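Listed below are the residues making up each chain.
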Amino acid sequence: QVQLVESGGGLVQAGGSLRLSCAASGRTLSNYAMGWFRQALGKEREFVAAISRSGGNTYYADSVKGRFTISRADANNMVLLQMNSLKPEDTAVYYCAAAILPIATPHPGHYNYWGQGTQVTVSS
């Protein structure tokens, strides 16, 4: 069993930056591919970014490509999401997830463990 806890969310102005962290307990994250998803109020959960188990491959939603960067910090058993040039439409609860797969995957059904989420609010 893997427990995931997100942190780093908050309120930021448009054009600003935030870095989200996903910390794990129970198992080492180096055994899992990792992903970030988000859910805005009244909308379905959507894929944001994913990274392979090795860290060698990443996958981004078109809406965040070039602005967000996912990375692994396996020494700290963490996964990070650096978010730059934030837009009001990035406002959502952000979730990290772990998949018992080697590949970076955008499909939520491939993920076995989920965190509780952290709120990101971008003001215009």
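Refer to the structure above for everything that follows.
Residues numbered from 1 in each chain as written. Predicted model: local features only at pLDDT ≥ 70, side-chain atom pairs only at ≥ 80, totals over all residues. Heavy atoms only, no water.

1. Remarks on the sheet that holds strand β1 (residues 3-7)
Part 1 of the argument: Reading across from one edge, β1-β3-β8-β7 is the order of the 4 strands in this open sheet, with antiparallel pairing throughout. Strands with a single pairing partner mark the edges of an open sheet, and in this sheet they are β1 and β7 (68-73). Within the sheet, the average angular offset between the axes of one strand and its neighbour, ignoring direction, is 15°.
Part 2 of the argument: Bridging between strand β3 (residues 18-25) and strand β8 (residues 78-83) involves 6 bridges; their strand directions are antiparallel. In the sheet register, Ala 23 faces β8, and the bridge partner there is Met 78. (Pairing = 2+ DSSP bridges. Helix = DSSP H or I, 4+ residues; strand = E, 2+ residues; numbered from the N terminus. Axes fitted to C-alpha atoms, helices over the stretch in contact; angles between N-to-C directions.)

2. Things to note about the pattern of salt bridges
Part 1 of the argument: Enumeration over the complete set of coordinates arrives at 5 salt bridges.
Part 2 of the argument: Salt-bridge contacts for Lys 65 lead to Asp 62; the nearest nitrogen and oxygen are separated by 3.1 Å.
Part 3 of the argument: Of the charged contacts, one joins Asp 74 and Arg 72 as a salt bridge, the two residues approaching to 3.1 Å between their closest N and O atoms.
Part 4 of the argument: Since its relative accessible area comes to 32%, Asp 74 is described here as partly exposed.
Part 5 of the argument: It is possible to trace a salt-bridge network through shared partners that takes in Arg 38, Glu 46, Arg 67 and Asp 90. (Salt bridge = Lys/Arg side-chain N within 4 Å of Asp/Glu carboxyl O. Buried < 20%, exposed > 50% of the residue type's maximum accessible area, 1.4 Å probe, protein only.)

3. Description of the nonpolar core
Part 1 of the argument: Leu 4, Met 34, Trp 36, Leu 81, Met 83 and Tyr 94 are the most contacted members of the largest nonpolar core, which totals 38 residues.
Part 2 of the argument: Elements supplying a minimum of two residues to this core: β3, β4 (33-39), β5 (46-51), β7, β8, β9 (92-99) and β11 (118-123).
Part 3 of the argument: Counting residues per element, this core draws most heavily on β9, which supplies 6 residues.
Part 4 of the argument: Leaving out residues up to four positions away in the same chain, Met 83 has contacts with Gly 16, Ser 17, Leu 18, Leu 20, Arg 67, Phe 68, Tyr 94 and Val 120. (Core = buried A, V, L, I, M, F, W, Y, C linked by side-chain atoms within 4.5 Å. Contact = heavy atoms within 4.5 Å.)

4. Remarks on unusual backbone geometry
Peptide bonds are, in most cases, trans, and in most cases residues other than glycine have a negative phi.
Part 1 of the argument: At Asn 77, a residue that is not glycine, the phi angle is positive and equals roughly 55°.
Part 2 of the argument: With respect to the secondary-structure elements, Asn 77 resides in the loop between β7 and β8.
Part 3 of the argument: By relative accessible area, which is 16% here, Asn 77 ends up buried.
Part 4 of the argument: Here Ser 85, not a glycine, exhibits a phi torsion of approximately 50°, which is positive.
Part 5 of the argument: On the secondary structure map, Ser 85 appears in the loop between β8 and β9.
Part 6 of the argument: Taking relative accessible area as the criterion, Ser 85 reaches 41% and is therefore assigned partly exposed.

In short, geometric facts, not functional conclusions.
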